[in-house]
Amino acid sequence: MTDTASRRRGRRTRTESADTRDRILTVAREEFSERGYEKTSVRGIAKAAGVDSALVHHYFGTKEQIFAAAIEVAFAPALNAPEAVADGPLDGVGERMTRFVFGVWENPTTRTPLLAILRSAVTNETAATVFRGLIASQLMRRVAAQLDAPDGELRVELAAAQLVGCAMMRYVIKLEPLASADMEQLIARVSPVVQGHLTGP
């Protein structure tokens, strides 16, 4: 059967399917970012993507699964954090991790989806559960393994709490003067605290 005949019968080529899936995922990230998890619906995602709701379910399943897929793609840059931790002496790990995390937040391309993740996670338990699972399996354990400490996971979680808290205040709540503070000044002040969590007594 020719491609033309296939399309006449309503079948999608692999390229068309991939494009449709990517479009749905992009729209889902935008919807979760603007509306949060609670107010985002599969029907709304489908309408914004110009497809039927059944097609969204076909590619991704439930709303929870769509959210998980959306944040996994958005969170991908942060998964390089273990390499940032390992790349250099241990006494500089706090600065490297702080610089890396704030670099992700300062980039407009990665900031928008991260805002969607945080806003959804703090307002909905389902979204928070998905977020915790991704953080624990994809990031925390990998960073902790680099520290080679018996309480490595706790140390990494405390460091992450410091950085996520700063990010919330700067980028979500936009509390001044933190929101407009010079980035190098911010890194200089936060890095020693993160270092203490990761390698201190």
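As shown above, the structure is provided for reference.
Residues numbered from 1 in each chain as written. Predicted model: local features only at pLDDT ≥ 70, side-chain atom pairs only at ≥ 80, totals over all residues. Heavy atoms only, no water.

Scanning the chain from terminus to terminus reveals 11 helices and 0 strands. For the chain, the α and β elements follow one another from N to C terminus as α-α-α-α-α-α-α-α-α-α-α. Split into buried and exposed, the 201 residues of the chain put 43% on the buried side. Considering only contacts in the chain between residues 6 or more positions apart, those separated by 24 or more positions represent 65%. Taken as a whole, the chain presents about 11000 Å² of accessible surface, with 52% of it coming from carbon and sulfur. (Helix = DSSP H or I, 4+ residues; strand = E, 2+ residues; numbered from the N terminus. Buried < 20%, exposed > 50% of the residue type's maximum accessible area, 1.4 Å probe, protein only. Contact = heavy atoms within 4.5 Å. Areas by Shrake-Rupley, 256 points an atom, 1.4 Å probe, with all protein chains shown as cover.)

Right, let's talk about helix H7 (residues 93-106) for a bit. In this model H7 runs 20 Å from its N-terminal to its C-terminal C-alpha over 14 residues, within 8% of the 20 Å that 1.5 Å per residue would give. Those residues of H7 not exposed but buried are Val93, Gly94, Arg96, Met97, Thr98, Val101, Phe102, Val104 and Trp105. (Expected span 1.5 Å × (residues − 1).)

Turning our attention to the side chain of glutamate 31. Looking at the secondary structure, you find glutamate 31 in helix H2 (residues 14-39). Residue classification places glutamate 31 among the buried positions, given a relative accessible area of 11%. Those residues in contact with glutamate 31 that sit more than four places away from it in its chain are Gly36, Thr40, Gly44, Ile45 and Ala48.

Enumeration over the complete set of coordinates arrives at 5 aromatic pairs. Plain terms: the ring middles of phenylalanine 32 and tyrosine 37 are 5.9 Å apart, the flat faces sit at 10° to each other, and that makes the pair stacked. Across the pair, exposure class does not vary: phenylalanine 32 and tyrosine 37 are buried alike. Through pairs of rings, three or more aromatic residues link up here, namely Phe32, Tyr37 and Phe67. The positively charged end of lysine 63 is found above the aromatic ring belonging to tyrosine 37, 4.3 Å away from the centroid. (Phe/Tyr/Trp six-rings, centres within 6.5 Å; stacked < 30°, edge-to-face > 60°. Lys NZ or Arg CZ within 6 Å of the ring centre and 35° of its normal.)

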